Amino acid sequence: MSILDRPRLGLAIFVSAILLLISAFVPAMNITHAAPGDITLVKSGSVAVDSLTTGNTTSWTFGGEATILPGAKYTYSEDAQGLHIGVQAGAPGRWTGYYAASQNTTASLFHAFITLPYTSMPTGEEYNTGIYVQTANKNIINYIGCLAVAYDGGPYYWTVNHSYGPADQATTIETLYQSNGTMPLAQDCTIITNGSNYLKVYLGGQVVVNRNNMSLSIPAPFNTYLEVQTTSTSAMRNGTYTDYYATLGENVAVSGAPPGGRVQIEDASGGVLVSSTANDTGVASLNVGQYHLPLNGYYIRLYDIDDTLLGSTPSAVTIWGGDVYTVSLD
């Protein structure tokens, strides 16, 4: 290398150094939004979770008319296939029931997977199995029931009832929904209610009741009942239940977002499950009640009106209805 080449080499090194310095500072200068990783859980919506397959039934209280009616029989057990409840009436035409009841709860969303073992019943006999949400007030028996029904002649059907009356019996039963076509013999049922005016019920992930103008008269706190009822004297009639959970609500709340910002629940590849726009106070409400909960492996992400990512949970999270998240933006 000649002496004449050295200034050019020095200049090249100097220019490269300047470019490196510029490239180091430019990204920082261009950041105008918070980096992902600033959406955090502040309150879980999960209230109760029981797969009903562990063999442990200590969180439930068992009882029913079958314990006191002459000649009635009942049984219950839990194994890897679920919680099994059986009952047999002591006299023809006499309704007899046996149930598992939860503790008092402040939850407003209740779910169980219900299996109907029968498509019809012998002549003169009826049967139903389901999940009930009932007031814990011992002076009244007001409840919502999501039931599968089999009777003599068939066909079986699914129904949602609003029932009320004094402590010893339901004197009025209002049918809010009844299936009129072929339905699965086993499916998810989700009941969402405030006990006052609002009721939403999903069967198999499809909404079958959605009203906010009701007079339910089901004061909180609530109990959940998993129950078999029958008039059958010919045999023990059984029901099976799995996958029970209760949450504080059907919505995930995200606060601290800029008004008009878009909040989404996304899978790992960016597929959108639920999307909502933040209101004037910066709160977005994401409805997850129709989905089987919890949602596992999802991200909660926030975008501005220009579709720029403002924030995200730092990793995939487990999401329950009633969860509350907050956004921390710089």
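K.L.:
So what's going on with unusual backbone geometry? Which residues, and what values?
P.N.:
Of note, the amide linkage connecting G154 to P155 takes the cis form, showing an omega dihedral of 0°. Within the fold, P155 resides in the loop between β9 (143-151) and β10 (157-164). The residue after A220, namely P221, is reached through a cis peptide bond having omega 0°. On the secondary structure map, P221 appears in the loop between β14 (206-211) and β15 (222-230). The phi dihedral of S217 is positive, around 55°, even though this residue is not glycine. Its relative accessible area of 45% is what places S217 among the partly exposed residues. The phi dihedral of D243 is positive, around 55°, even though this residue is not glycine.

K.L.:
So what about the confidence of the model for the protein? Which residues, and what values?
P.N.:
This prediction gives the protein a mean pLDDT of 90; 89% of its residues lie at or above 70. In this model residues 1-34 is a low-confidence stretch, pLDDT under 50, and it forms ten contacts with partners more than four residues away in sequence or in other chains.

K.L.:
Help me get a handle on the sheet that holds strand β3 (residues 61-63), residues and values and all.
P.N.:
A sheet is described by the order of its strands in space; here seven strands give the open sequence β3-β6-β15-β8-β9-β10-β11, paired in antiparallel fashion. Of all the strands in the sheet, just β3 and β11 (172-178) have a single pairing partner and so form its edges. In this sheet, adjacent strand axes meet at a mean angle of 20° when their direction is disregarded. With seven bridges connecting them, β9 and β10 associate as antiparallel partners. Residue C146 lies in a different strand from β10, and its bridge partner there is V160.

Here is what the cut-offs are and how they apply
Residues numbered from 1 in each chain as written. Predicted model: local features only at pLDDT ≥ 70, side-chain atom pairs only at ≥ 80, totals over all residues. Heavy atoms only, no water. Helix = DSSP H or I, 4+ residues; strand = E, 2+ residues; numbered from the N terminus. Buried < 20%, exposed > 50% of the residue type's maximum accessible area, 1.4 Å probe, protein only. pLDDT = per-residue confidence, 0-100. Contact = heavy atoms within 4.5 Å. Pairing = 2+ DSSP bridges. Axes fitted to C-alpha atoms, helices over the stretch in contact; angles between N-to-C directions.

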